[in-house]
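# Results of the structural survey
In case you want the letters, here they are:
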Amino acid sequence: MGERGITVEFYFQCTSNGLQYEKIDQEGPETLVLEMFFSGYPTIVGLEFFPNLTTLTLIGQSIATISDLENCPFLKELWISECCLTKIDGLEDCINLEKLYLYCNMISTIQNLEMLTKLEVIWLNSNQIQAIEVRLFFASILFCLFGLSSSLIAGNCFDLNGQIEKLNLSGNRICSFKDLTNLANLSHLKDLCLNDPQYDPNPVCLLCNYATHVLYHIPQLQRLDTYDVSHKQIKDLAEVVDDIENALEASEEASLEQKYFQKLDALSKRIAFWDQKLDEYMEVVKKQNSNRLLVRFLLTELETVGNTRFEEGSPSDSWFNSCYDLILSRFCAWDFKKYGITGVKINRVFRVHNRTLRLKFEEKFQTFFEKDLNESENYRKMLECLFYVFPPHLPLTKKQLLRLLEEGFLETKQVTGSLEREEGFLTYTISDGKRTQSCDRLFPSALETCSSMEHRSCDCSLRQCEWFVFDHEMVVPEYVIEFEYITLVGTFVFPNNGFILSCDLQCDDEVMNMEPIVKPKPKIVYLDEKTVLSVAKANIYSQIVVLNLHGNSLSKLRDISRLTGLRKLIVSFNEFTCLDDVYHLPNLEYFDASHNRVITLEGIRSLNKLKHLDLSWNQLKKTGEELNVLRKHTPILFSLDIRHNPWHKPASLRLSVIGRLKALTHLDGVLITEEEAATASRYIAGSRITQGSLLEHSRTDEVRPRILSVLPFAKILSETSKNKVDLPAHLNSSWFSRITVLDLDGQHLSKIANLEKLENLRWASFSNNNLTKVEGLESCLNLEELTLDGNCITNLDGISKLVKLTRLSVNNNHLTTLERNVLDNLSHLHYLSLESNRIISLVGLQKAYALIELYISNNYISTTQEIYHLKGLNYLVILDMFGNLIVWKQENYRLFVIFHLPSLKALDGTAVESTEVESSKDLFGGKLTSDMIAERLGHSNFTKMQELNWTTSTIRSVDLVPADQFRSVCNVNLQNNNLTSFSGLIYLPNVKILCLNYNRIESILPRQKPQNHLTNRQLLYQKVTSSGYGQQGLSKGSRDAGFGENLPPIMQSLEVLHLGYNGISNLAQLQIGRLKNLKFLFLQGNEISQIEGLEGLQHLQELVLDHNRVKTINESAFARQCSLLALHLEENRLRELNNLQPLVKLQKLFLGFNRIQELSELEKLEAIPNLKELSVYGNPISRKTSHRPVLLFRLPNLQVLDGATVSAEERTRAELHLLEQQVKRNSIKGLMCSGA
């Protein structure tokens, strides 16, 4: 058996089948049947002795894989049941197999049966097969899969098995008639069992018309679920029932189609409804001018030098509450019931302080007062509060609000006494005006108002009246109120019927839930040739005319240009970000790419026949670039839809598109009229800089005006100066050189051009245009001020040559970065405004040394590291970063900026106080951070940095986060700083060498602050450790010895530590024992008097304690330093050399300049057997000549003593000298004894 390598299992197999193991060579080839039951047989082996085997039965074994069957080519019947099989394999050579029984195993997939073409019976019941998804190539008559967990029969799994006559699928989870229909491919199937009485039925068997469905699709069946169904009447009945079902299905399809159309129509109506709501909402957004109003208020205050001020109120102001109550008292909910309005919400109230109007009013009032002395005591009662409202259809710029607030009412105005519109302001006037005849009563007080719809008999209309004021000086603007209406759902959006009620949302839900409910279809992710042909229902590419890929997950259209005959392409509701695959489609007429994520049209080429293009609901932004693509590659485009894209300039978008795409007839679903086309043509013609526009918008002033305003000088001069170019002079070409001021704001410019001759231009403004880059200013080298607000500029490349520029404003553009070197040459630039862009870094401002004012609010700056780019701007006085992520994301942001930019006088609109400067120094002074390192290195990639050297920098703490960025740092030198602990250094994972000499280290970790709840006495006892109060009876020695013994280790990579000259007096409090892998420790120049706290340093090889105050070496000092090789104790106060016995490996000992006097102390060094180098110079004992021979005699391995090498001759002399001394002592003792 040993030669054959046969196992015990094989031996048992032979004996259980009546075979003699010794005669297996003779009996094996004659054996045709082998059986083995319930014996735990783990592996099929030994079949090479049975080459003629036809039947193999293995039941109840532990077999996991089928093996060794290649030796049985004649095998016809195989049973491996109730075993542990997980996979069907190893049957490739059993080509004659007819019956295969693999039931009651753990098989999950039907596979590897392709070669068994003679297989007639297969049993796979009671396995773990979930779905029949493979094609079986055998021609069996019995196929049993009952007792599985399968719920799916793939459509083609039985395609090639036309010979199957009997199929049992009972005890599975088949629940769909569609799965049963797949069995119709078995043309010879006669016996089908899905509901065997011995097993549980499939769920599909419990459905109505189950048997009818099966018999109709498999008419040749003779037995179904063990019942005879061969009678012709049953088959005919099934066919009749199925015909009825088909007729019902046809009628249902017609009804279903009608329901689809009804649902589509309802959805279209809801979409149109919400489109209207969206348009109305956008109109409201345009009219929300709160922030702009506040800016205009500030400008008015500046220009009037404070004589007109606007004070924003709060609930703490009495006047605010009075005005608040007055507004509520004038509101009548009953009047607004039809709009769904229930109340008003007051957002802000401004109090107007106009000194000029107030003086005029007081003067007029005094005149009026002198006429009627009887009312002198109650003159306040003569004042009346009125509402003045503007026409709601006019924009704010046309309402002349600021003019009224600054100059008062210059014309006769009608004033109303009720609250009817969103905006208005209250005025005080004397009750001397003429009222209308409809009402002669005063306004109601707050207690008399009707503010609820519960008042069914409201009489507020009787108290409402109109006033006509004929003396404008008798009316003074008092308050400006910003409010909105409250509706049943939310805030009221006023224009038309733009508010949203709950019924609108309910209507949406009803439409979405209408029948039929559409089930989501599988989405196509990748487009290949097979998929294209399948979707288009074509055989070859050239046949495809229409391709509908709506509602998938496609992001690419690979090889779409091969569809040369394509006329209609739909890719809506996908995930496209660009359309660069759509090119060279010569016959494409219709293209729908709506509801994607397209950000650019670059790549679209040669769509010469395209007539309809839908790009709605995408992410297109750049109007000029996208229109250039369409104009070049879609020359006959008739219809274009670009709604619901985040265009940069939506207000002028329609005119720009119509003016550039001349063939368009419909835009965004709206017909383009002839008038609109003419307007667009004029718009495009007026968007170019011509000689006429230069003459109209230029001035020739030589002196900059001294005016207190934040507006650009170009704007101020264009509005105030009359120094235009003389009309006769323009005939001479020299008039270009006379222009110094140019204001082309709001001219729809897409490009700056034709300014080559304006060589003396000094102040220019191109705000609110469609510019995408700075260009055309190369000849304007004398330009001092340039304003480019409200454009679409993405970079500042074109200004680098404007070296005389002093003021630059590029607010509200699309800048993302400030390119390096662009501002480097602008040595006179002292004002830079980049507000409301998308700037993420300040790196381009590093060399803008002349900057005094920097406004960069409402951008995307998020890290404090960006502030380091401004540290070189020593003249920077004003910095505004409000609205950036850094403001609320970074802790102590304001103090951080103030600390690093000490020249600042104002930050984010608030003056920098001296207390803030001091607080910033306390918080950030002396802190080593990642930002400081990045500033020095010029980058923030610390992953490859191996050494950190930051000496003499008054560092008090270290905060390097995240520490993982410094994982490569192995050498840290922070010598000569102000550290009191290791601080953030303990988090650096791989530091091996740490130098902290000349700091103030007290412990590895910062000391914890005392608890606030402790009394002064308790704090005192904590400081005075010798008292023992509250120490649970522990002695001082016990407390110090165990100070860090049980604490977890830190900095486990640290091997070398320098802590020299730190003023350390207590080693135990230092917690040095937590550095478990420390090998070299340098503590020279401290105030250590006792060696302690080294218990955890079991790997320490060298310890330096020179120049300290050590007097004695206690018993526990070196108790665990068995690995110490070198010990430095020079310049201490040692008198004794006790407790050095644990230092069995010590080779170097330096004891110079101590107080050792007795020779007997040196003799104690015999306890250190491996000592090779010793230094004792500078001690009192070194003055005795005998100390050297004694040490050489006592320490036989000593090689260097006091810096001098010990020679063999010296050691011999030392031994002879000691022997002579010994002989002398002995002879003296003998003489003394004989004399006695």
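Residues numbered from 1 in each chain as written. Predicted model: local features only at pLDDT ≥ 70, side-chain atom pairs only at ≥ 80, totals over all residues. Heavy atoms only, no water.

### Digging into the overall build of the chain
A tally of helices and strands in the chain yields 28 helices and 50 strands. For the chain, buried positions account for 44% of its 1236 residues. The long-range fraction of contacts in the chain, counting pairs at least 24 apart against all pairs at least 6 apart in sequence, stands at 49%. Put simply, the chain shows about 64,200 Å² of open surface, and 51% of that area lies on carbon and sulfur atoms. (Helix = DSSP H or I, 4+ residues; strand = E, 2+ residues; numbered from the N terminus. Buried < 20%, exposed > 50% of the residue type's maximum accessible area, 1.4 Å probe, protein only. Contact = heavy atoms within 4.5 Å. Areas by Shrake-Rupley, 256 points an atom, 1.4 Å probe, with all protein chains shown as cover.)

### Thoughts on the UniProt feature "domain: U2A'/phosphoprotein 32 family A C-terminal" (unreviewed entry) in the chain
Feature annotation in UniProt places "domain: U2A'/phosphoprotein 32 family A C-terminal" (unreviewed entry) on residues 207-225, 650-668, 890-908 and 1184-1202, given in this structure's numbering. With 42% helix and 11% strand, the stretch residues 207-225 has end C-alpha atoms that lie 15 Å from each other. (UniProt positions renumbered as here; feature names shortened; annotations may be inferred.)

### Points about the pattern of salt bridges
Where charged atoms from two side chains of opposite charge approach closely, those side chains can pair. Tallied over the entire structure, the rule returns 17 salt bridges. Note that Glu1163 and Arg1194 form a salt bridge whose closest N and O atoms lie 3.6 Å from each other. You can see Glu1163 sitting in helix α26 (residues 1159-1163) and its partner Arg1194 sitting in helix α27 (residues 1187-1194), a full 31 residues away along the chain. Looking at Glu1163, the relative accessible area reads 26%, which means it is partly exposed. (Salt bridge = Lys/Arg side-chain N within 4 Å of Asp/Glu carboxyl O.)

### Looking at a negative patch on the surface
Where like charges cluster on the molecular surface, the negative patch consists of Glu48, Glu70, Glu92 and Asp93. For Asp93, the position within the fold is in the loop between β3 (77-81) and β4 (99-101). Overall, the relative accessible area of 44% leaves Asp93 in the partly exposed class. (Patch = residues over 30% accessible without salt bridge, like charges linked within 9 Å, V, L, I, M, F, W, Y side chains within 5 Å. Lys, Arg positive; Asp, Glu negative; His and termini not counted. Charge placed at Lys NZ, Arg CZ, Asp CG, Glu CD.)

### Some words on the nonpolar core
Burial of nonpolar side chains together is a common tendency in soluble globular proteins. Phe982, Leu1075 and Leu1174 are the most contacted members of the largest nonpolar core, which totals 74 residues. Broken down by secondary-structure element, the contributors of at least two residues to this core are α22 (930-937), α25 (1067-1070) and α27. Excluding its chain neighbours within four sequence positions, the residues that come into contact with Phe982 are Leu994, Leu996, Ile1001, Ser1003, Ile1004, Met1051, Leu1057, Leu1059 and Leu1075. Core analysis: the next-biggest nonpolar cluster, separate from the first, contains 63 residues, Val822, Leu842, Leu873 and Ile898 among them. (Core = buried A, V, L, I, M, F, W, Y, C linked by side-chain atoms within 4.5 Å.)

### Structural notes on the packing of helix α14 (residues 623-633) against helix α15 (residues 653-660)
Two numbers describe how α14 lies on α15: the axes approach to 10 Å, and their chain directions differ by 25°. By the criterion of interaxial angle, the relationship of α14 to α15 is roughly parallel. Like other packed secondary-structure pairs, α14 and α15 cross with a definite hand, here right-handed. Judged by residue contacts, Thr623, Gly624, Leu627, Asn628 and Arg631 of α14 engage Leu653, Ser656, Val657 and Arg660 from α15. (Axes fitted to C-alpha atoms, helices over the stretch in contact; angles between N-to-C directions. Parallel < 35°, antiparallel > 145°, perpendicular 65-115°, else oblique. Left-handed = near helix turned anticlockwise from the far one by under 90°.)

### A few points about the sheet that holds strand β27 (residues 670-671)
Strand order in the open sheet made by the seven strands is β21-β22-β23-β24-β25-β26-β27, with mixed pairing throughout. The open sheet is flanked by β21 (546-548) and β27, the only strands paired with a single partner. In the sheet, strand β26 (residues 666-667) pairs with β27 via two bridges, with the strands oriented antiparallel. Looking across to β27, one finds that His666 is bridged to Leu671. (Pairing = 2+ DSSP bridges.)

### Quick word on α27
Here α27 lies mainly inside the structure; six of its eight residues are buried. Those residues of α27 that fall on the buried side of the exposure criterion are His1187, Arg1188, Pro1189, Val1190, Leu1191 and Leu1192.

### What to know about the packing of aromatic side chains
A full pass over the atoms with the stated rule returns 16 aromatic pairs. Considering the side-chain rings of Phe297 and Phe350, the 5.2 Å spacing of their centres and the 80° angle between planes classify their relative orientation as edge-to-face. Of this pair, Phe297 sits in helix α6 (residues 290-303) while Phe350 is found in strand β14 (residues 341-354), placing the two residues 53 residues apart along the sequence. In this structure, Phe297 and Phe350 share a single accessibility class: buried. Connected via pairs of aromatic rings, a cluster forms that spans Trp79, Tyr101, Tyr103 and Trp123. One Lys or Arg, Arg270, reaches over the ring of Phe273 and ends 4.5 Å from the middle of that ring. The positively charged end of Arg605 is found above the aromatic ring belonging to Tyr583, 4.5 Å away from the centroid. (Phe/Tyr/Trp six-rings, centres within 6.5 Å; stacked < 30°, edge-to-face > 60°. Lys NZ or Arg CZ within 6 Å of the ring centre and 35° of its normal.)

### A look at a nonpolar patch on the surface
Taken together, the side chains of Leu256, Tyr260 and Val518 define a hydrophobic patch exposed on the protein surface, amounting to about 250 Å² of accessible area. Relative to the assigned elements, Leu256 resides in helix α5 (residues 232-287).

### Here's the deal with the environment of Pro1189
Note on placement: Pro1189 falls in helix α27. The buried category is assigned to Pro1189, whose relative accessible area is 15%. On a C-alpha basis, the gap between Pro1189 and Thr1212 in space is 9.5 Å, while along the polypeptide they are 23 residues apart. Here Pro1189 is in contact with Ala1214, His1217 and Leu1218, once residues within four sequence places are set aside.

### Re a positive patch on the surface
Where like charges cluster on the molecular surface, the positive patch consists of Arg1109, Lys1111, Arg1133, Arg1135 and Arg1155. Structurally, the position occupied by Arg1133 is in the loop between β46 (1126-1128) and β47 (1148-1150). On the basis of relative accessibility, which here comes to 31%, the residue Arg1133 falls in the partly exposed class.

### Considering the environment of Glu918
Position of Glu918 relative to the elements: it lies in helix α21 (residues 914-924). The spatial distance from the C-alpha of Glu918 to the C-alpha of Leu895 is 9.3 Å, given a sequence separation of 23 residues.

### Topic: the packing of α15 against helix α16 (residues 674-685)
Relative orientation of the contacting elements α15 and α16 amounts to 90°, with a least axis distance of 8 Å. As summarised for this structure, α15 and α16 are arranged roughly perpendicular, according to the angle between their axes. Across from Arg654, Leu655, Ser656, Ile658, Gly659 and Arg660 in α15, the residues of α16 making contact are Glu676, Ala677, Thr679, Ala680, Tyr683 and Ile684. For the contact of α15 with α16, the per-class residue count stands at six nonpolar, three polar and three charged. (Nonpolar A, V, L, I, M, F, W, Y, C, P; charged D, E, K, R; others polar.)

### Notes on the pairing of strand β20 (residues 475-487)
Within β20, 12 of the 13 residues are buried, which leaves it mostly tucked inside the rest of the structure. Two elements, β14 and β20, share nine bridges in a ladder whose sense is antiparallel. Across the sheet, the residue bridging to Val344 is Tyr485, located in β20.

### Examining unusual backbone geometry
In this structure, the amide linkage connecting Val961 to the following residue, Pro962, adopts the cis form with an omega of -10°. Within the secondary structure layout, Pro962 lies in the loop between β40 (957-959) and β41 (971-973). Although it is not a glycine, Cys104 sits at a positive phi angle of roughly 60°. The residue Cys104 is located in the loop between β4 and β5 (121-123) in this model. Residue class for Cys104 comes out partly exposed when judged on its relative accessible area of 29%. Here Asn754, not a glycine, exhibits a phi torsion of approximately 65°, which is positive. Looking at where Asn754 falls in the secondary structure, it is placed in the loop between β29 (741-743) and β30 (763-765). Taking the relative accessible area as the measure of exposure, Asn754 reaches 45% and is therefore partly exposed.

### Structural notes on the side chain of Glu916
With respect to the element layout, Glu916 can be found in helix α21. A polar contact of 2.7 Å, which involves the side chain of Glu916, links it to the side chain of Arg894. Among the polar contacts made by the side chain of Glu916, one reaches the main-chain amide nitrogen of Glu913 at a distance of 3.0 Å. (Polar contact = N/O pair within 3.5 Å; in protein donor to acceptor, adjacent residues only side chain to side chain.)

### Things to note about the environment of Pro962
Since its relative accessible area comes to 46%, Pro962 is described here as partly exposed. Spatially, the C-alpha atom of Pro962 lies 9.1 Å from that of Tyr987, the residues being 25 residues apart in sequence.

### Observations regarding the state of the cysteines
Scanning all chains against the criterion turns up zero disulfides. The thiol of Cys94 is unpaired, and the distance to the nearest cysteine sulfur, on Cys72, comes to 7.0 Å. (Disulfide = S-S within 2.5 Å.)

### Description of the confidence of the model for the chain
Taken as a whole, the chain shows an average pLDDT of 80; of its residues, 81% reach a score of 70 or greater. Taken together, the stretch residues 429-449 has pLDDT below 50 and engages in 53 contacts with residues farther than four places along the chain or on a different chain. (pLDDT = per-residue confidence, 0-100.)

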